[in-house]
Amino acid sequence: MRNPKKGKSKASKPKAAAAAEADNLMAVDEAGPSSGVPQVWRPGIDPLADDEELDYDPTAYDCLHKFSLEWPCLSFDIVRDELGAPRSTFPHTVFMLAGTQAASARQNCLAVLKLAQLGQGRHGKKQPAKKQAADESDADEDSDSSDDGSMDDSDDEDSKEPPARLHHRLVSQPCGINRVRSCPQQPGLAALWGDSGSVRLLDVSEQLRQLAGEEEVVSKVASKAQVNPLQTHAHTTEGFAVDWSRVKAGRLATGDCRKHIHVWEPQEAGRWQVSSPYNGHSGSVEDLQWSPSEESVFASCSADRSICVFDTRERSKAMLQVQWQQQQQQQQQ
């Protein structure tokens, strides 16, 4: 949305006028931008004047919060928890993993996160609906009692939400993390694709346990823990493709930028047997996805413009390969 920049403060509008303006928030003025009412801004179509600024429509989100770490992250993953599902009542709590891309290799870490007290705030349409129901209930009541505004102040006080909190534990890493994925059957088991060309499996169950029992943020700057990897496998180069099987616990597939795909089979004593490369692609493997119903089937996509479907019982070739043709691209253009 584009919105005229704020000038001098104006007197507050009546509730009815404010509601009418909110209803017209997303309206598009065909005759041109209005001087006062925010308009939908269409990139490449509508100009942006010097006295206008872009803003977002809060009703487009049910929940919106902003958190930050010391270093940017190229990948994150939601961790399964034991809080029940589905969850629709605010505030929410979410557990996550995020891998950093720091300025130097020794500064990288795996961030184990708990986002708590994720309230709705001014976003979504739940709060206006509740307020409308309350207004209708008040209309049916006797208006003999004095009303000095104290009730409204009490309601506003009750509607205030506690601030969202970011709890975190940091696990030191020797390189930047291209991708991080949490095992669905064992949420504390994480696969990390490093930019050094190695895939590392880490157990961060202890960090998740600490966060689950933590009610208040103990420190904004947590020290980095040292966690020895359960297993490490070096590809011939770095990669980004990684996925855990949702059918067979502990089964993992990883793909690198030199077309190689490896499948990790869980063994006894917390170890994995890594297969020889699967043949099928001639370019970088960009993504992998296990079948949601068959434990031996997974799909891959590559920079060679192909999608392959593999079966772990046959590594020499793909069971199915779909190649994107240049003629198809030209026809669509």
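### Remarks on the confidence of the model for the protein chain
(1) Moving on: Per-residue confidence for the protein chain gives a mean pLDDT of 83, with 75% of residues at or over 70.
(2) Moving on: Segment residues 6–13: pLDDT under 50, and one contact once partners within four positions in sequence are set aside and those in other chains are kept.
(3) Moving on: Every residue in residues 17–22 is under pLDDT 50, and counting partners more than four places away or in other chains gives one contact.

### Observations concerning the sheet that holds strand E10 (residues 224–225)
(1) Moving on: Across the sheet, which stays open at both edges, the five strands sit in the order E3-E4-E5-E6-E10 with mixed pairing between neighbours. The sheet terminates laterally at strand E3 (73–79) and E10, the two strands that pair on one side only.
(2) Moving on: In terms of strand pairing, strand E5 (residues 109–118) meets strand E6 (residues 165–172) through eight bridges, oriented antiparallel. Paired with Lys114 across the two strands is His167, which belongs to E6.

### Some thoughts on a nonpolar patch on the surface
(1) Moving on: Together, Ile307, Met319, Leu320 and Val322 make up a nonpolar patch on the protein surface, roughly 370 Å² of accessible area in all.
(2) Moving on: Of note, Met319 is situated in the loop between strand E18 (306–311) and strand E19 (320–323).

### Description of the side chain of Thr100
(1) Moving on: You can see Thr100 is positioned in strand E4 (residues 92–100).
(2) Moving on: Relative accessible area serves as the criterion here: at 2%, Thr100 is assigned to the buried category.
(3) Moving on: A distance of 2.9 Å separates a polar atom in the side chain of Thr100 from the backbone nitrogen of Cys109.
(4) Moving on: When neighbours within four sequence positions are excluded, Thr100 is seen to be in contact with Trp71, Pro72, Cys73, Asn108, Cys109, Gly176 and Ile177.

### Notes on the packing of aromatic side chains
(1) Moving on: Taken as a whole, this structure holds five aromatic pairs when the rule is applied.
(2) Moving on: Among the aromatic residues, ring-to-ring pairing joins Tyr278, Trp290, Phe298 and Phe310 into one connected group.

### A look at the pairing of strand E7 (residues 177–182)
(1) Moving on: Sheet topology places E7 next to strand E8 (residues 189–194); five bridges connect them, and they run antiparallel. Bridge pairing in E8 links Arg181 to Ala191.
(2) Moving on: Counted between consecutive antiparallel strands, the loop separating E7 from E8 contains six residues.

### Comments concerning helix H4 (residues 205–212)
(1) Moving on: Those residues of H4 that fall on the buried side of the exposure criterion are Gln207, Leu208 and Leu211. Taken end-on, H4 shows its buried residues confined to a sector of 100°, consistent with a single buried face.
(2) Moving on: The inward-facing, buried residues of H4 abut E3, E4, E5, E6, strand E9 (198–203) and E10.

### Observations concerning the pairing of E4
(1) Moving on: Burial analysis of E4 places seven of its nine residues in the buried class, the great majority of the element.
(2) Moving on: Bridge count for E3 against E4 is six bridges, and the pairing is antiparallel. From the neighbouring strand, Asp77 faces E4, where its bridge partner is Leu97.

### Notes on the environment of Arg80
(1) Moving on: Here Arg80 shows up in the loop between E3 and E4.
(2) Moving on: A relative accessible area of 54% means that Arg80 is categorised as exposed.
(3) Moving on: Note: C-alpha distance between Arg80 and Ser182 (102 residues apart in sequence) is 8.3 Å.
(4) Moving on: Setting aside its immediate chain neighbours within four residues, Arg80 contacts Pro184 and Pro187.

### A closer look at the pattern of salt bridges
(1) Moving on: Overall, the coordinates contain eight salt bridges when judged by the stated rule.
(2) Moving on: Glu265 is paired through a salt bridge with Lys248; the nearest N and O atoms lie 3.5 Å apart. In this pair, Glu265 is assigned in strand E14 (residues 261–266) and Lys248 in the loop between strand E12 (239–244) and strand E13 (252–256), connecting sequence segments 17 residues apart.
(3) Moving on: Residues joined by salt bridges that share partners form a network here, namely Lys248, Arg251 and Glu265.

Cut-offs applied
- Here the residue numbers are simple positions, counted from 1 along each chain's written sequence.
- Local features in a predicted model are, by the rule used here, given only for residues with pLDDT of at least 70; side-chain atom pairs are given and counted only at 80 or more, and totals for whole chains, interfaces and linings are based on all residues.
- In computing side-chain values, all of the structure's heavy atoms are included and hydrogens and water are not.
- Every residue gets a pLDDT, meaning the predictor's confidence in that residue, from 0 to 100.
- Contacts are assigned to residue pairs with any non-hydrogen atoms lying within 4.5 Å of each other.
- Here, any two strands with at least 2 DSSP bridges between them count as paired.
- What counts as a helix is a DSSP run of H or I of at least four residues, what counts as a strand is a run of E of at least two, and both are numbered from the N terminus.
- Patch members must show over 30% relative accessible area and no salt bridge, and they are joined within 9 Å when carrying like charges or within 5 Å when they are nonpolar side chains of Val, Leu, Ile, Met, Phe, Trp or Tyr.
- Surface accessibility follows the Shrake-Rupley procedure with a 1.4 Å probe radius. Residue values consider only the protein chains on display as shielding.
- By definition, a salt bridge exists where a carboxyl oxygen of Asp or Glu is found within 4 Å of a side-chain nitrogen of Lys or Arg.
- Accessibility here uses a 1.4 Å probe with only protein chains present; expressed as a share of the type maximum, an area under 20% marks a residue as buried, one over 50% as exposed, and anything in between as partly exposed.
- Distance and chemistry together define a polar contact, namely a pair of N or O atoms within 3.5 Å, with one atom able to donate a hydrogen and the other to accept it when in protein, and with adjacent residues in sequence counting only for side-chain atoms on both sides.
- Stacked, tilted and edge-to-face pairs are distinguished by plane angle, under 30 degrees for stacked and over 60 for edge-to-face with tilted covering the rest, among Phe, Tyr and Trp rings (Trp via its six-membered ring) whose centres lie within 6.5 Å.
- Arc definition: directions from the helix axis to the C-beta atoms.

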